[in-house]
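Geometric and topological summary
So you can see what is in the structure, the chains are spelled out below.
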Amino acid sequence: MSDQTHMPAGHDLAPGDEEQHSVGARILGYVVGLVLALLLTATSFFIAGTDLVWQPSIPVALIVLAIAQMGVHLVFFLHITTGPDNTNNVLALAFGLLVVFLVVGGSVWIMAHLNANMPPMDQIMMRQ
Amino acid sequence: MTMTATAGHAHADPHHIGVVIEHPGPAPKRIVTAYGFWIFLLSDIVMFSCFFAAYAVLVGQTADGPKGSEIFEQGNVAIETVCLLLSSFTCGMASIAADVRNRFWFYLGMAVTCVLGLIFLVLEFREFADLIVRGYGPSRSAFLTAFFSLVGCHGLHVSAGVLWLLTMTAQVFAKGFRADILRRMMCFALFWHALDIIWVAVFSVVYLLGSGT
């Protein structure tokens with residue numbers, strides 16, 4: 001309780017802003033992000049065209065690599081952190097992601113069931 | 001926590017949750033502006049997710065036209081990806097230069113970002129033009145409609161980003177690193193990085209997943 005009452009009353013950080021760092025440290029952050037993103041991109045392109053791995057695992061691997069790379073971009077380029085000064089930014093992002101998953105997941109789910117439950121088109125035509 | 005203990009902090013602890021919060025007053029304009037723009041970017045991403053959902057639903061509806069694996073060229077997409085990725089990096093360098101008010105590195109970073117963005121746009125335009133010439137335009141099949149609207153929407157965003165980039169460079173040239181110019185520059189950097197994130201989803205879902213099956 002006592003440590004909570006002495007919380008620093010500082011301001012939040014704007015999305016994209018970093019905590020106070022020297023220029024060198026900031027550039028290093030972007031370099032690390034660029035290297036990680038290039039590695040993940042190269043892995044994605046390699047995995048997509050290779051025969052080395054079990055073929056059904058490729059789509060899953062591509063999606064995992066894409067999510068990882070988006071995470072790298074968010075952390076190293078947009079400077080979204082888990083710190084208390086970033087709570088608003090993270091919460092807005094979480095809500096955005098919720099809507100994205102509802103839209104994409106819901107559409108794919110519903111349309112797949114629609115296709116599975118519909119008789120083929122020629123049968124519908126024959127009934128008329 | 002007794003009443004007497006909280007009574008002294010009646011204003012700082014209006015809901016009597018036992019935690020005293022010192023309100024620092026309204027946030028600086030830089031935070032308000034960037035946060036509002038962050039909300040816009042997230043709603044833009046939600047809009048893109050609708051295009052992705054439409055693409056995922058329609059990807060098999062080729063109407064005897066070409067499938068994705070027959071029209072996608074991975075080499076082209078790889079160059080586009082590297083261009084956007086490097087431009088995100090140089091845009092970050094330009095933001096750092098703007099924060100430390102270094103005109104030379106700011107102009108250099110923005111110029112490289114602009115060139116990389118234009119290379120991306122030219123490659124994408126050539127891909128689209130090539131497809132349309134071969135008769136695989138957006139009206140050929142539902143799959144191609146979804147493909148052109150999703151990738152074209154991202155391309156339009158990049159075009160708008162390049163125009164914004166030129167505007168920001170001109171504003172810094174004419175007005176210097178004023179506080180309002182720096183706020184706009186921060187919003188532009190957020191926009192450019194967000195476009196790169198959307199491109200990651202585009203090349204993974206459309207080009208790589210589409211060429212595999």
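Not measured: the values here are computed from a predicted model.

1. Remarks on the overall build of chain A
Helix and strand counts for chain A come out as five helices and zero strands. Secondary structure elements in chain A, listed N-terminal to C-terminal, are α-α-α-α-α. The buried share among the 128 residues of chain A stands at 20%. Considering only contacts in chain A between residues 6 or more positions apart, those separated by 24 or more positions represent 60%.

2. Some points on the overall build of chain B
Scanning chain B from N- to C-terminus turns up seven helices and zero strands. Along its sequence from the N terminus, chain B presents helices and strands in the succession α-α-α-α-α-α-α. Considering only residue pairs separated by 6 or more positions, chain B has 77% of its internal contacts joining residues 24 or more positions apart.

3. Description of the interface of chain B and chain A
Residue-level contacts link 45 residues of chain B with 44 residues of chain A. When residues of the side of chain B that touches chain A are traced back to their parent elements, those giving at least two are helix 2 (29–58), helix 4 (74–99) and helix 7 (179–212) of chain B. Of the residues forming the side of chain B that touches chain A, the biggest block, 15 residues, is contributed by helix 2 of chain B. When grouped by side-chain class, the residues that make up the side of chain B that touches chain A number 32 nonpolar, ten polar and three charged.

4. Points about the packing of helix 4 of chain B against helix 5 (residues 103–133) of chain B
Residues and elements named next belong to chain B. Two elements in contact, helix 4 and helix 5, have axes separated by 8 Å at closest approach and are oriented at 160°. When the axis of helix 4 is compared with that of helix 5, the two are roughly antiparallel. Where helix 4 crosses over helix 5, the handedness of that crossing is left-handed. Residue composition of the contact of helix 4 with helix 5, by class: 17 nonpolar, six polar and three charged.

5. Quick word on the domain arrangement of chain A
Domain boundaries in chain A define domain 1 (16–80) and domain 2 (82–128). Using only C-alpha atoms to locate each centre, domain 1 of chain A and domain 2 of chain A end up separated by 25 Å.

6. With respect to the confidence of the model for chain A
The predicted coordinates should not be examined in detail at positions where pLDDT is low. All names here are of chain A. For chain A, the average pLDDT comes to 86, and 89% of its residues sit at 70 or higher. Ranking the helices and strands of chain A by mean pLDDT puts helix 3 (residues 57–76) first, with 95, and helix 1 (residues 2–5) last, with 41. Counted against residues more than four places away or in other chains, residues 1–9, with its pLDDT under 50, gives six contacts.

7. Regarding unusual backbone geometry
Glycine aside, negative phi is the norm for most residues, and most peptide bonds take the trans geometry. Residue and element names in this part refer to chain B. A positive phi angle, close to 50°, is found at A63, a residue other than glycine. With respect to the helices and strands, the residue A63 is situated in the loop between helix 2 and helix 3 (68–71). A positive phi is found at D64, a non-glycine position, where the angle reads about 60°. Look at D64 and you get exposed, because 6 C-beta atoms sit within 10 Å.

8. Here's the deal with the nonpolar core
All names here are of chain B. Ranked by internal contacts, the top residues of the largest apolar core, which has 76 residues, are F52, L150, L190, V202 and V206. Broken down by element, this core gets its largest block of residues, 21 residues, from helix 7. Those residues in contact with V206 that lie beyond four places of it in its chain are Y55, F147, L150 and V151.

9. Things to note about the confidence of the model for chain B
All names here are of chain B. For chain B, mean pLDDT is 90; residues scoring 70 or higher make up 90% of the total. Within the model, the stretch residues 1–10 combines pLDDT values under 50 with five contacts to residues more than four positions away or in other chains. For this predicted complex, the interface confidence reaches an ipTM of 0.85, while the overall pTM sits at 0.87.

10. Comments concerning the environment of N76 of chain B
Residue and element names in this part refer to chain B. Here N76 shows up in helix 4. We classify N76 as partly exposed; it has 15 C-beta atoms within 10 Å. In this structure, the C-alpha to C-alpha distance between N76 and R30, residues 46 residues apart in sequence, is 39 Å. Every residue in contact with N76, bar those within four places of it in the chain, is listed here: L123 and E127.

11. Let's talk about the packing of helix 2 (residues 23–48) of chain A against helix 4 of chain B
At a minimum axis separation of 10 Å, helix 2 of chain A and helix 4 of chain B run at an interaxial angle of 170°. With respect to helix 4 of chain B, the element helix 2 of chain A is oriented roughly antiparallel. Across from V23, R26, I27, Y30, L34, A37, L38, T41 and F45 of chain A in helix 2 of chain A, the residues of helix 4 of chain B making contact are Q74, A78, T81, L85, F89, G92, M93 and I96 of chain B. Here the residues of the contact of helix 2 of chain A with helix 4 of chain B are counted per class, giving twelve nonpolar, four polar and one charged.

12. A look at the environment of Q55 of chain A
Along the chain, Q55 of chain A turns up in the loop between helix 2 and helix 3. For Q55 of chain A and F77 of chain A, which are 22 residues apart along the polypeptide, the C-alpha to C-alpha distance reads 33 Å.

Criteria and cut-off values
Residues numbered from 1 in each chain as written. Chains lettered and ligands numbered in written order. Predicted model: local features only at pLDDT ≥ 70, side-chain atom pairs only at ≥ 80, totals over all residues. Helix = DSSP H or I, 4+ residues; strand = E, 2+ residues; numbered from the N terminus. Buried ≥ 20, exposed ≤ 12 C-beta atoms within 10 Å, placed from the backbone. Contact = placed C-beta atoms within 7 Å. Nonpolar A, V, L, I, M, F, W, Y, C, P; charged D, E, K, R; others polar. Axes fitted to C-alpha atoms, helices over the stretch in contact; angles between N-to-C directions. Parallel < 35°, antiparallel > 145°, perpendicular 65-115°, else oblique. Left-handed = near helix turned anticlockwise from the far one by under 90°. Domains from an automatic or database assignment. pLDDT = per-residue confidence, 0-100. Core = buried A, V, L, I, M, F, W, Y, C linked by C-beta atoms within 7 Å.

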